Structures are given as structure tokens and as C-alpha cells.
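Tertiary structure, described
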Amino acid sequence: MVQRLTYRRRHAFNSPSNIRKIVKTPGGKLVYQVRAKTAKVPSCGDCGNKLAGIPALRPYELSRVSKRVKHVSRAYGGSRCGVCVRSRIVRAFLVEEQKVVKHVLKKQQQAQKKKAQK
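Residues numbered from 1 in each chain as written. Predicted model: local features only at pLDDT ≥ 70, side-chain atom pairs only at ≥ 80, totals over all residues. Heavy atoms only, no water.

This brings us to the overall build of the protein chain. Within the protein chain one finds 3 helices and 2 strands. The helix and strand sequence of the protein chain, counted from the amino end, reads β-β-α-α-α. For 118 residues, the compact-globule estimate of 2.2 N^0.38 gives 13 Å, and the protein chain exceeds it by more than 25% at 30 Å. Expressed as a percentage of the 118 residues in the protein chain, the buried residues total 9%. Restricting to contacts in the protein chain with at least 6 residues of sequence separation, those with at least 24 account for 27%. Just so you have it, the protein chain exposes about 10,500 Å², and 55% of that area is on carbon and sulfur atoms. Of the charged side chains in the protein chain, 30 are positive and 4 negative; the average position of the first set lies 12 Å away from that of the second. (Helix = DSSP H or I, 4+ residues; strand = E, 2+ residues; numbered from the N terminus. Rg over C-alpha atoms; globule rule 2.2 N^0.38 Å. Buried < 20%, exposed > 50% of the residue type's maximum accessible area, 1.4 Å probe, protein only. Contact = heavy atoms within 4.5 Å. Areas by Shrake-Rupley, 256 points an atom, 1.4 Å probe, with all protein chains shown as cover. Lys, Arg positive; Asp, Glu negative; His and termini not counted. Charge placed at Lys NZ, Arg CZ, Asp CG, Glu CD.)

This brings us to unusual backbone geometry. Backbone geometry at tyrosine 76 places phi at a positive 60 degrees, although glycine is not the residue there. Here tyrosine 76 is to be found in the loop between helix 2 (67–70) and helix 3 (82–117).

Now for the side chain of asparagine 18. Its place among the elements puts asparagine 18 in the segment before strand 1 (20–24). One polar contact links the side chain of asparagine 18 to the main-chain carbonyl oxygen of phenylalanine 13, over a distance of 2.9 Å. When near neighbours in sequence (up to four residues on either side) are disregarded, asparagine 18 contacts Tyr7, His11, Ala12, Phe13 and Val34. (Polar contact = N/O pair within 3.5 Å; in protein donor to acceptor, adjacent residues only side chain to side chain.)

Time to look at the environment of arginine 86. Looking at the element boundaries, arginine 86 is found in helix 3. Judged by relative accessible area, arginine 86 falls into the exposed class, the value being 55%. Along the chain, arginine 86 and alanine 75 lie 11 residues apart, while their C-alpha atoms are 9.8 Å from each other.

Along the chain, the position of arginine 80 falls in the loop between helix 2 and helix 3. Arginine 80 sits in the buried class, given a relative accessible area of 18%. At a separation of 3.1 Å, a polar atom in the side chain of arginine 80 contacts the side chain of aspartate 46. Of the polar contacts made by the side chain of arginine 80, one reaches the side chain of serine 79; its length is 2.6 Å. Not counting the four nearest positions on each side in its chain, arginine 80 is found in contact with Cys44, Gly45, Asp46, Leu51, Arg74, Val85 and Arg88.

Okay, the pattern of salt bridges next. Across all of its chains, the model carries 3 salt bridges by this definition. A salt bridge links arginine 80 to aspartate 46, with the nearest nitrogen and oxygen atoms 3.1 Å apart. Of this pair, arginine 80 sits in the loop between helix 2 and helix 3 while aspartate 46 sits in the loop between strand 2 (30–34) and helix 1 (59–64); the two residues are 34 residues apart in sequence, bridging distant segments of the chain. Take aspartate 46: its relative accessible area is 41%, and that puts it in the partly exposed class. (Salt bridge = Lys/Arg side-chain N within 4 Å of Asp/Glu carboxyl O.)

See the structure below:
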């Protein structure tokens, strides 16, 4: 007959925070061991892909590790992936270029108006 198992803690519901593993002790008894929740890998805030170079840790574990582990040395390091950062930089550059082109066209039109008036 199979040995019955009882919870070793007061939490008696089959929820994600109460994940158990059956373990055989050296004395031959079967007991529950409470497992920790699995951590999620941080994801990019723009595209949702997993961030490379950052470990999957629970919040308490993240608070215990140094800043060097929690981000990569780049702009938007632990928040956005490299592809999204690159696209942001290119977008900002193109917007600035567009402003410059607009300004140059306006100057040219003003110069043509002055010539037309003379």
C-alpha cells in the first residue's frame, strides 16, 4: 500500500506558491519538500523578447545580487534588448535629420521669395 503524505506547513492548497516534491528520507519515509517558484527571465519592454545576459531570479534573490548582474552595460541595459535600442537610436537620428531638412527647405524658399521680390 502507498504511504500517505501530509503537508509540513500550514498552507494546504494546491496553488503555485505551494509546489511540492515527494522525497524519500534516509529512514525510508516519503515526505513533501516545498519547492521554490521558478523565476521568469526579464523581457524587453518594447518587443517582449527575453533579455540576454540577465539571469532569471526571484525578486528577493535579485535584491541580493549586485547591480552588475542585473543589467548589461549599454543604454537601456536591463530594460530593453539591443535590437530595440538600435531602432530607438536610428529613429531619433532620422527625426533630427528630418528637422534639419525641413529647416533647410524653409531657408531656400525664403531665399527664392527674396529673389522674386527684387
